[in-house]
Amino acid sequence: TAFWDHHGMDPGETIKYYNDHAYIIARDAARLKRTETVAGSAAYSSNDTENFRSLLLTVGTDWRALAIRSAACLYRLQGLQSSRNQYKPKLTPEEVRISREALNIYAPLASRLGMHRLKNELEE
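Small disclaimer: the values here were computed from a predicted structure and weren't measured.

Student: Where do I start with the packing of helix H5 (residues 63–83) against helix H7 (residues 116–123) in this structure?
Tutor: Any two packed helices are characterised by how steeply their axes cross, that is the angle between the axes, and by the distance between the axes. Here H5 crosses H7 at 30°, and the two axes come no closer than 10 Å. In terms of their interaxial angle, H5 and H7 are classed as roughly parallel. Our pair here, H5 against H7, has a crossing hand that is left-handed. Between H5 and H7, the residues in contact are Ser70, Ala71, Cys73, Leu74, Leu77 and Gln78 and Leu118, Glu121 and Leu122, respectively.

Student: How should the nonpolar core be read in this particular structure?
Tutor: One recurring pattern in soluble globular proteins: nonpolar side chains tend to sit buried together. Counting 20 residues, the largest nonpolar core has Leu32, Leu56, Ile105, Tyr106, Leu109 and Leu122 as the members making the most contacts within it. Among the elements of the structure, helix H3 (20–39), helix H4 (46–59), H5, helix H6 (93–112) and H7 are those that each provide at least two residues to this core. Look past the residues within four positions of Leu122 in its chain and what remains in contact with it is Ser70, Cys73, Leu74, Leu77, Ala102, Tyr106 and Ala107.

Student: Got a minute to help me understand the pattern of salt bridges in this structure?
Tutor: Pairing between side chains of opposite charge can happen when their charged atoms approach one another. The full count for this structure, using the stated rule, is seven salt bridges. Among the salt bridges present, the one from Arg76 reaches Glu101, with a minimum N-O distance of 2.8 Å. Of this pair, Arg76 sits in helix H5 while Glu101 sits in helix H6, placing them 25 residues apart in sequence. Assessed through its relative accessible area of 6%, Glu101 is described here as buried. For Arg97, the salt bridge identified is with Glu94, shortest N-O distance 2.8 Å. Here the residue Arg97 and the residue Glu94 both occupy positions in helix H6, the gap between them amounting to three residues, near one helical turn. Relative accessible area serves as the criterion here: at 42%, Glu94 is assigned to the partly exposed category.

Student: Quick question: what am I supposed to make of H7 here?
Tutor: Since the α-helix packs 3.6 residues into each turn, any two residues three or four apart lie on the same face. Of all the residues in H7, the buried ones are Leu118, Lys119 and Leu122. Buried residues of H7, seen end-on, are gathered within an arc of 100° and therefore sit on one face of the element. Turning to H7, the residues buried within the fold contact H5 and H6.

Student: In this structure, what is going on with the confidence of the model for the protein chain? I would like to understand it.
Tutor: Do not read the fine detail of predicted coordinates wherever pLDDT is low. The pLDDT averaged across the protein chain works out to 77; a share of 77% of its residues lies at or above 70. For the protein chain, per-element mean pLDDT is lowest for helix H1 (residues 3–6), which scores 53, and highest for H7, which scores 89.

Student: Help me out: how do you make sense of H6 in this one?
Tutor: Compared with the 28 Å implied by 1.5 Å per residue over 20 residues, the 28 Å span of H6 between its first and last C-alpha is a close match. At Ala102, H6 shows its largest kink, close to 35°. Regarding H6, the residues found buried are Glu95, Ile98, Glu101, Ala102, Ile105, Tyr106, Ala107, Leu109 and Ala110. Just downstream of H6 lies Gly114, where phi reads positive at about 85°.

Student: I would appreciate a short explanation of the packing of H5 against H6 in the present structure.
Tutor: Packing of H5 against H6 brings their axes to within 10 Å, and their N-to-C directions diverge by 145°. The element H5 and its partner H6 pack so that their crossing is left-handed. Where H5 approaches H6, its residues Leu66, Arg69, Ser70, Cys73, Arg76, Leu77 and Leu80 are matched on the opposing element by Glu95, Ile98, Ser99, Glu101, Ala102, Tyr106 and Leu109. Across the contact of H5 with H6, the residue classes tally to eight nonpolar, two polar and four charged.

Calculation rules
- Along every chain, residues carry numbers that run from 1 in the direction the sequence is written.
- Per-residue local features are limited, in this predicted model, to residues with pLDDT of at least 70; the limit for side-chain atom pairs, both in listing and counting, is 80 or more; totals at the level of whole chains, interfaces and linings are taken over all residues.
- Hydrogens and waters are ignored; side-chain quantities use all the structure's heavy atoms.
- Structural elements are reduced to axes, namely lines fitted to C-alpha atoms, with helices fitted over the stretch in contact, and the angle between N-to-C directions of any two is expressed from 0 to 180 degrees.
- Only runs of H or I of at least four residues qualify as helices and only runs of E of at least two qualify as strands under DSSP, and these elements are numbered from the N terminus.
- Here the word oblique covers every angle except those under 35 degrees (roughly parallel), over 145 (roughly antiparallel) and from 65 to 115 (roughly perpendicular).
- Left-handed is the label given to a crossing in which the near helix is rotated counterclockwise from the far helix by less than a right angle, and right-handed is the label when the rotation is clockwise.
- Should any heavy atoms of two residues lie within 4.5 Å, those residues are counted as being in contact.
- For our purposes a nonpolar core is just a set of buried Ala, Val, Leu, Ile, Met, Phe, Trp, Tyr and Cys residues, chained together by side-chain atoms within 4.5 Å.
- The rule is simple: take the accessible area with a 1.4 Å probe, protein chains only, and divide by the maximum for that residue type; under 20% is buried, over 50% is exposed, in between is partly exposed.
- When a carboxyl oxygen of Asp or Glu is within 4 Å of a side-chain nitrogen of Lys or Arg, the pair counts as a salt bridge.
- Think of it as the arc spanned by the lines of direction from the helix axis to the C-beta atoms.
- Every residue is assigned a pLDDT by the predictor, reflecting its confidence on a scale from 0 to 100.
- For a helix, the expected span equals 1.5 Å multiplied by the residue count minus one.
- Two axes enter the bend calculation: one fitted to the seven residues ending at the residue in question, the other to the seven starting there, and the bend is the angle between them.
- Note on residue categories: nonpolar means Ala, Val, Leu, Ile, Met, Phe, Trp, Tyr, Cys or Pro, charged means Asp, Glu, Lys or Arg, and polar means any other residue, Gly included.

As structure tokens, this is what we get:
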């Protein structure tokens, strides 16, 4: 869901409150999240991950939306790491999916965008 959905605003109010640039970035980030959700259940081969990265690059019109989604992926990984039970060495399927998504999709995208520190954190 988009920012304005959480705050009871329609897109027109969002543009008035912030500006049209912020609206475009938020819209693109929400569009990328929907794309992730639709494609999230698929198992990726190396060719599929490259195709999905290309799809993410074409869905958004603003690179900052990709930066937001990459940072959100890092946030999810950090949340998984902090909630990880030290007595359960085996990863759940959801943890594996999120980890693979970070490593195979968002780390290379962060590198393409020149965000090498984010790329390194995603790969850790």
